[in-house]
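# Examining the three-dimensional arrangement
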Amino acid sequence: MANSDKGIILRGVSKRFGDKAVLDGVDLDIPIGKSTVIVGCSGTGKSVLIKSIMGIFPIDSGQIWFDGAEITSPKQRRSIKDRFKFGMLFQGAALFDSQTVWENVSFGLVNGQGMKRGEAREAAVEYLRQVGLSAETADLLPAQLSGGMQKRVGLARAIATRPDYLFFDEPTTGLDPIMSDVINDLIRSTVTSMGVTAVSITHDMASVRKIADTVAMLHQGKIVWSGSVKQIDSSTNSYISQFVNGRAQGPINTDV
Amino acid sequence: MKKTEQHKHQPATHQARGGLSRIHAAVAGLGAMVLQFVSATGQISVFFATTLGQMVQRPFYLRLMLRQLREIGYNSLPVVGLTALFTGMVLALQSYTGFARFNAESAIANVVVLSMVRELGPVLAGLMVAGRVGAAMAAELGTMRVTEQIDALQTLSTNPYRYLIVPRIVAGVLALPPLVLVADVIGVMGGWIVAVYKLGFNSGAYLITTVNIVTFEDVFSGLVKAAVFGFIITGMGCYHGFNSGRGAQGVGAATTRAVVSASILILVFDYVLTEAFFAK
């Protein structure tokens, strides 16, 4: 089965961990060249969804296409490995703590593309500059950086391989509102300037309004609403309305 | 009257039911253990099959392997050397007090060198390295798993088995034999120190006896054991760390499992290899 549509398409994607169905038949269209944000409450499977798209978690059933090429199975995914490049900014930045900042940023260039270390260091300094960090940070270890700086380094590492698809897992979690805004601006400008297809997950509405072109809401393993970012405030969908307005009352069960 | 009979029968029925439920619980428990064992064996087999498959594929991370060689081999020298030194010394002292009872003190040099080279050198070095390196590997990889660093490797077009596991296991197999060779020499010298300076043996005669009694097969069997133990230590450290549970508790449990399983496997394979080399 082939699908000629551009972008990322998910059909009936399911994933279980033991008895718990985390994703339960997810259908989602992620348009090419746009920034799509997936929202949802904590523990609804947003991270699992993004990692399933990335191939970090193999899915139990359903299908995934990248630009018309099916990549559901690991074998199919390997066959398009050279066609698409991916980058991801993890929730905790996931920097390699035994390596310096520049080694982290240039990791994909050295290990994935075989770039020489001297050349890679220069490239890393340039990517650090793009995310607002000076050349002096290049030789520091990740443990010597603040949370916001770690996120910037994570972003520099994600964009260093010039990816076609960028994924952001809760990019502003744990940051103060000002640093969150700085990271949101960086994501928006990076996505726009590089023309990549971006997929982010967050429950931070300020992030959604800043970085999203389109929004999808995940609840109990299913997409319950999707639409343009302009529609989120006017939507009559009870799920997105409850989430956007942060109300305890509504169809989303808030019992703990 | 009928009612009384019913009451009489009730305790017997309850007892029978209680007995059946206990048997049922015992069988269910046994079944769960068997399933868990089969599942764990399957997971370990898949892990090592994947690792072996990745060993023969490019790129080879030589720099990482050399770093692990230094960590496993060179940095373990002090702890392994001290262990071997005092083991050799104790061995000489104990042998002397035992052999003196039937005037066989002259056999001390033989006992020390054969025990060290065949058995104590590889086993004690293996156990010390399991505690030092196996635990560190499990903790490092477990932390990388928990903080999503292993996931990050995948997003950067790097196979985590090839990048993290293969260099560690290859370094373990290569580092342990020279480490054990050094331990053998230090252990023998420990025995020599006690024999010469405490028990009054002739230095030259002790060393000549030592050299004459030891054969190539003795040394070779110890080195083969060392290589196998190197595989076990790094393999268990990597497996448990790579599959660590969440949080600090998960990493702690992975570290404990890595050391315990490696230690037990070292003792089991020590017997298996001794049987293979020396059983007539």
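Cut-offs and rules
- Residues numbered from 1 in each chain as written.
- Chains lettered and ligands numbered in written order.
- Predicted model: local features only at pLDDT ≥ 70, side-chain atom pairs only at ≥ 80, totals over all residues.
- Heavy atoms only, no water.
- Helix = DSSP H or I, 4+ residues; strand = E, 2+ residues; numbered from the N terminus.
- Rg over C-alpha atoms; globule rule 2.2 N^0.38 Å.
- Buried < 20%, exposed > 50% of the residue type's maximum accessible area, 1.4 Å probe, protein only.
- Polar contact = N/O pair within 3.5 Å; in protein donor to acceptor, adjacent residues only side chain to side chain.
- Domains from an automatic or database assignment.
- Contact = heavy atoms within 4.5 Å.
- Buried area = accessible area lost by both parts, 1.4 Å probe.
- Salt bridge = Lys/Arg side-chain N within 4 Å of Asp/Glu carboxyl O.

### Brief notes about the overall build of chain B
When you go through chain B residue by residue, the secondary structure sums to nine helices and zero strands. The helix and strand sequence of chain B, counted from the amino end, reads α-α-α-α-α-α-α-α-α. Relative to its length of 280 residues, chain B is extended, with a C-alpha radius of gyration of 26 Å against a globular reference of 19 Å. Along the longest, intermediate and shortest principal axes, the C-alpha atoms of chain B span 95 × 65 × 35 Å. Residues counted as buried form 40% of the 280 residues belonging to chain B.

### Description of helix α9 (residues 238–245) of chain A
Residue and element names in this part refer to chain A. If you check which residues of α9 are buried, you get I240, S241, Q242, F243 and V244. Capping of α9 at its N-terminal end is provided by N237; its side-chain oxygen lies 2.8 Å from the backbone amide nitrogen of Y239. G246 sits one or two residues past α9 and shows a positive phi near 60°.

### Some remarks on the domain arrangement of chain B
A common way to express how large an interface is: the accessible area buried when the components associate. Residues and elements named next belong to chain B. If you check the domain split of chain B, you get domain 1 (1–56) and domain 2 (61–278). If you look at the interface, domain 1 gives nine residues, while domain 2 gives 14 residues. Contact with domain 2 buries surface across domain 1, with F47, F48 and Q54 losing the most and accounting together for 57% of the total. Scanning the region where domain 1 abuts domain 2 turns up zero salt bridges. At the boundary of domain 1 with domain 2, the tally comes to two residue pairs in polar contact (both at pLDDT 80 or more).

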